[in-house]
Amino acid sequence: PLATVSAKGGIANFSAMRDEMTERAPLGNVTAHQVASAVAFLASEDASGITGQTLYVDGGYSMVGGPPPCAPPN
């Protein structure tokens, strides 16, 4: 989650979402610069052969996905 003006004001529990992403993503939360760099690459001629792909710029969060593990019952 990037802390944009609309995200901070329009997404319920945004801080909790960002904290969980930062904690669980192997590389931590990404920056707006990292996302912009990926967009710039995809818009460049160097990426002209890439089609129909999903590019996750999420610090590895998509690799661990799903809800956080539950604590074992007592």
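Heads up: these notes are all about the structure in this document. Residue numbers here run from 1 along each chain, matching the order of that chain's written sequence. Since the coordinates come from a predicted model, pLDDT governs what is reported: local features require at least 70, and pairs of side-chain atoms require 80 or more to be given and counted, while whole-chain, interface and lining totals use all residues. Values reported for side chains reflect all heavy atoms of the structure, with hydrogen atoms and water molecules removed beforehand.

**A short note on the overall build of the protein**
Helices and strands together make up the secondary structure of the protein, namely 4 helices and 0 strands. Along the chain direction, N to C, the helices and strands of the protein fall in the order α-α-α-α. Only protein chains enter the accessibility calculation, which uses a 1.4 Å probe; a residue is then buried when its area is under 20% of its type maximum, exposed when over 50%, and partly exposed in between. Sorting the 74 residues of the protein into buried and exposed places 19% on the buried side. Note on contacts: a residue pair qualifies if any of its non-hydrogen atoms lie within 4.5 Å across the two residues. Summarising the internal contacts of the protein: among those between residues at least 6 apart in sequence, 55% fall at separations of at least 24. With residues, only the protein chains shown are counted as cover, and all accessible areas are computed by Shrake-Rupley using a 1.4 Å probe. By element, 60% of the accessible surface of the protein is carried by carbon and sulfur atoms, the whole surface being about 5700 Å². Each helix is a run of H or I in the DSSP string that is no shorter than four residues. Each strand is a run of E no shorter than two, and both are numbered from the N terminus.

**Let's talk about the environment of alanine 3**
Structurally, alanine 3 is set in the segment before helix 1 (5–10). Apart from the residues lying within four places of it in its own chain, the contact partners of alanine 3 are Lys8, Phe14 and Arg18.

**Observations concerning a nonpolar patch on the surface**
Here the term patch refers to residues with relative accessible area over 30% and no salt bridge, with like charges joined within 9 Å and nonpolar side chains (Val, Leu, Ile, Met, Phe, Trp, Tyr) within 5 Å. Note on definitions: salt bridges are taken to be side-chain nitrogens of Lys or Arg within 4 Å of carboxyl oxygens of Asp or Glu. Residues Phe41, Leu42, Ile50, Leu55 and Val57 make up a contiguous nonpolar surface patch of roughly 410 Å² in combined accessible area. On the basis of relative accessibility, which here comes to 42%, the residue isoleucine 50 falls in the partly exposed class.

**Some details on the pattern of salt bridges**
Where charged atoms from two side chains of opposite charge come close, those side chains can pair. In this structure the tally under the stated criterion is 1 salt bridge. Measuring nitrogen to oxygen at the nearest pair gives 3.0 Å for the salt bridge that ties glutamate 20 to arginine 24. Of this pair, glutamate 20 and arginine 24 both sit in helix 2 (residues 14–24), separated by 4 residues, roughly a single helical turn. For arginine 24, a relative accessible area of 18% gives the class buried.

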